[in-house]
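A look at the structure
What follows is each chain in one-letter form.
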Amino acid sequence: MKEQFITACSLDCPDTCSLLVETENGRIVKVTGNPDHPVTKGAICHKVRHTPDKLYHPDRILYPLKRIGAKGEGKFARISWDEAYAEIAGKFSTIIEEYGAQAILPYSFYGNMGIINTEGMDRRFFHRLGATQLERTICNAAGSTGYMYTMGRSAGIDPEDTVHSKLIIVWGCNMLSTNMHQAVFANEARKKGAKIVVIDVHENRTAKWADWFIPIQPGSDAALALGIMHVLMEENLLDEAFISQYTTGFAELKEEAKAYTPEKVSAITGVPAADIVELARMYGRTTPSYIRIGNGLQHHDNGGMAVRAISCLPALTGQWQHLGGGAMKGNSSFSSTNSFLLERPDLMPNPAPRKVNMNQLGRVLLEESNPPVKAMFVYNCNPAQVAPEQSKVVQGMLREDLFTVVHELFMTDTAKYADIVLPATSTFENLDLYASYWHLYMSLGEPIIPPQGEAKSNFTLFKELAAHMGFTEPCFSDTEEDLIRQALDNPDNPHLLGITYEALKEKKWLRLHTEGIVPAYKNPPTPSGKIELFSAALEQQGLSPVPVHTPLADNQYPLRFVPAPNHQFLNSTMANLPKLQQLEKRPEVYLHKDDAAARGIAGGDLVELWNDRGSCRLHANVGTAVLPGVAVTQGLWWSDAETGYTSVNALTPDSLSDIGRGATFFSGTVDVRKI
Ligand SMILES: Nc1nc2c(c(=O)[nH]1)N[C@H]1C(S)=C(S)[C@@H](COP(=O)(O)OP(=O)(O)OC[C@H]3O[C@@H](n4cnc5c(=O)[nH]c(N)nc54)[C@H](O)[C@@H]3O)O[C@H]1N2
Ligand SMILES: Nc1nc2c(c(=O)[nH]1)N[C@H]1C(S)=C(S)[C@@H](COP(=O)(O)OP(=O)(O)OC[C@H]3O[C@@H](n4cnc5c(=O)[nH]c(N)nc54)[C@H](O)[C@@H]3O)O[C@H]1N2
Ligand SMILES: [Mo]
């Protein structure tokens, strides 16, 4: 028997595609795009077309497991859920008695973007427990916070409007791989005459697709933005009426920008001065223009300020007023749900437990603290692969006195270090609510196949574990449907008008309400109620109130190391599927030909990248895809004893960004040698 279902993709990607799922006798046999969805329009990526390979993968974890070998050895024995719950509840109780609940650390991210399974019962559980809180800032924190100091919230233009843009600047975003439907809109705009400019440190797919690719030195984007401002101000390419009505701090910004002459900016960024002038003139003279601000340029220790600087540009030329004009870092404010009802922070003890930063997991596990972290519960995340300073993370997870639980679909690098491994459902097995951090639609995903093996969703796991811990608050009896209703019940967000569980059940996806709502540029929720070119709030924190460029701190080794995501994997997810590995071919490092020649390295050579933190082996790709002094890799390949591949995150720093306490994956340095 054949059936067809509509659901949403749950991967951590801006596009949140609407999917058509075909089953045959209760088994998913095909996943394609849903042509009826106004944004994703039936096109989906290769990764997701391979969903059946993932769902029915022979390595999928189907039963709870208990470690029987040494930590990290990967030897486990099957146990029952009751045994697993008893073990976890017992260990947690003993730890709480001796050290207090703050000795327990939840560690999660958005391996599944379903709102109910990422910010629901799990959060309630750890709040009620009184566990240490996690700052979940590994992804976009620096940039989103930087953007907010200018614009007040995470909201930019509606991507559907970008078909009207005449100039599209793709700034530190590998859109063809990471936000493919934005590229579709941009192509439509291009057919009507738009120019596409890509500013990146790597001539990747997106750069090759651009009309004009501008290679830039990593971590120098704030300088380029200030250089553009300098020219706009010198040549009076400004919208003065917009500036005076909707912004504050223009005079202070103008004073700062004076110093950023094209020559000075050229020396910092590696972009020729004439190109800086040309780009500024193009920006100052084209309406509407759109800047898609990516995540890459903000994975730096100056990343918050870089995005803050770029987000000032559309205000200077008044772009926000025009259909298809403005900028976008992320649009998650449009769909913000009722996090209080969902997460119930009121369940936390008073005073609230301490916070630790997820980017510094290695330090957290290894350094002395009071109380020490004695247990870690990982779900929706693969920290041994995705977190910086990998060797510290692994060393921490090897601690004999650390009790680690990992809830997963696969035996990831993280799960190997667990004491208890619990089987997780895929999102094709759960009910959940999905929002995009780019387009303006919300979707519902209903279970299409039953849980595989004995897998349980995050929701079910934490609900049942709460019962084993003896938590009796009524919120632990809520159903998934209750949580969806609570999430959508957010009177602070007018965009949720008409988005109900019933309507979603019927239509599967709904557009957020936007008609008649004052656009954010007119009344941004900043302290002054204006677009803040000058931010007193930043000044109070000891940061520059106007955008400035601060050079990256680490210059110990000769090559700036940028280990970015790739096309066929989703962070480390799907990197275990052979078909997708074949399409990626092999892990490579892009080196400039002069840097390679100086080290006797030829294209294809097996090389080792190294610094004080560790080393990593891959193949050299030699040419001019990166500027001299830059080394770029793509993809979070799993470590592999057979091939000798180790993770790029063995080399990345765990320092925090200037703004937002975010990750700084791309600010480290390395050297390289031929093996
Ligand atoms: N195929 C695929 N899609 C994905 C993901 C994936 O792993 N694979 N990951 C998802 C997630 S979690 C996220 S956050 C997004 C990220 O997607 P994007 O927003 O595209 O961000 P990144 O891919 O991290 O980096 C984008 C680009 O920034 C460049 N870059 C690095 N440093 C600098 C710099 O200093 N200046 C400039 N101008 N450019 C720089 C990199 O070379 C890269 O091409 O994609 C999501 N979608
Ligand atoms: N070098 C380098 N490192 C990076 C980045 C980079 O660009 N370069 N990007 C960073 C960014 S932007 C991000 S967002 C992070 C992402 O880091 P992670 O959030 O760890 O992302 P994934 O690697 O996709 O791993 C998610 C895991 O969650 C599991 N999972 C999926 N669904 C469920 C579920 O329903 N329940 C449970 N329990 N598990 C589930 C998947 O099987 C997978 O192993 O990585 C960061 N790390
Ligand atoms: Mo991310």
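Described below are features of the structure shown in this document. Note that the coordinates shown come from a computational prediction; the quantities given were computed from them, not determined experimentally. (Residues numbered from 1 in each chain as written. Chains lettered and ligands numbered in written order. Predicted model: local features only at pLDDT ≥ 70, side-chain atom pairs only at ≥ 80, totals over all residues. Heavy atoms only, no water.)

**Here we look at the overall build of the protein chain**
Formally: Each helix corresponds to a stretch of at least 4 residues labelled H or I by DSSP, and each strand to a stretch of at least 2 residues labelled E; elements are numbered beginning at the N terminus. When we talk radius of gyration, it's over C-alpha atoms, and the globule rule is simply 2.2 Å times the number of residues to the 0.38. A contact between two residues is defined here by any heavy atoms of the two lying within 4.5 Å. Only the protein chains shown count as cover for residues, with accessible areas throughout obtained via the Shrake-Rupley method and a probe of 1.4 Å. None of His or the chain ends enter the tally, which takes Lys and Arg as positive and Asp and Glu as negative. Note that the charge is assigned to NZ on lysines, CZ on arginines, CG on aspartates and CD on glutamates.
Scanning the protein chain for helices and strands turns up 25 helices and 27 strands. In summary, the protein chain has a C-alpha radius of gyration of 25 Å against a globular reference of 26 Å for 675 residues, a match within 12%. Its C-alpha atoms give the protein chain principal-axis dimensions of roughly 70 × 65 × 55 Å. For the protein chain, the proportion of contacts with a sequence separation of at least 24, taken over those separated by at least 6, is 76%. Total accessible area on the protein chain is roughly 24600 Å²; 50% of this is exposed by carbon and sulfur atoms. The average position of the 62 basic charges and that of the 76 acidic charges among the side chains of the protein chain differ by 3 Å.

**Description of the pattern of salt bridges**
Proximity of charged atoms lets side chains of opposite charge pair with each other. Basically, it comes down to this: A carboxyl oxygen of Asp or Glu within 4 Å of a side-chain nitrogen of Lys or Arg is what we treat as a salt bridge. Here the term buried applies to any residue with accessible area under 20% of the maximum for its type, exposed to any over 50%, and partly exposed to those in between, with areas from a 1.4 Å probe on protein chains only.
What the rule picks out here adds up to 36 salt bridges. The closest approach of N and O atoms between Asp 401 and Lys 374, which form a salt bridge, is 2.8 Å. One end of the pair, Asp 401, is in the loop between helix H19 (390-397) and strand S16 (403-408); the other, Lys 374, is in the loop between helix H17 (361-366) and strand S15 (375-379), with 27 residues separating them in the sequence. By relative accessible area, which is 12% here, Lys 374 ends up buried. A salt bridge links Lys 674 to Asp 605, with the shortest nitrogen-to-oxygen separation between them at 3.4 Å. Of this pair, Lys 674 sits in strand S27 (residues 669-674) while Asp 605 sits in the loop between helix H25 (593-598) and strand S24 (606-611), and the two are 69 residues apart along the sequence. The class of Lys 674 is partly exposed, set by a relative accessible area of 44%.

**Concerning the site of ligand 2**
How we decide: By convention in this text, a residue qualifies as near a molecule or strand provided that one of its non-hydrogen atoms is within 4 Å of it. Pairing of N or O atoms within 3.5 Å defines a polar contact, subject to two protein rules: one partner must be a possible hydrogen donor and the other a possible acceptor, and residues neighboring in sequence count only if both atoms are side-chain atoms. Only Asp, Glu, Lys and Arg are considered charged in this grouping, and only Ala, Val, Leu, Ile, Met, Phe, Trp, Tyr, Cys and Pro are considered nonpolar; every other residue, Gly among them, is considered polar. What counts as a domain boundary in this text is fixed by an automatic or database domain assignment.
In the vicinity of ligand 2, 32 residues are found, and the nearest of them are Glu 408, Asn 458, Pro 563, Ser 572 and Thr 573. A distance of 2.7 Å separates a nitrogen atom of ligand 2 from a polar atom in the backbone of Pro 563. Burial of ligand 2 by the protein amounts to 96% of the accessible area it has alone, namely 920 Å². When the residues that make up the shell around ligand 2 are grouped by side-chain class, the tally is 16 nonpolar, 14 polar and two charged. Mapped onto the domain boundaries, the shell around ligand 2 takes at least three residues apiece from domain 1 (65-139 + 339-427 + 455-490) and domain 3 (559-674).

Fair warning: the whole summary comes from geometry, so function is off the table for now.
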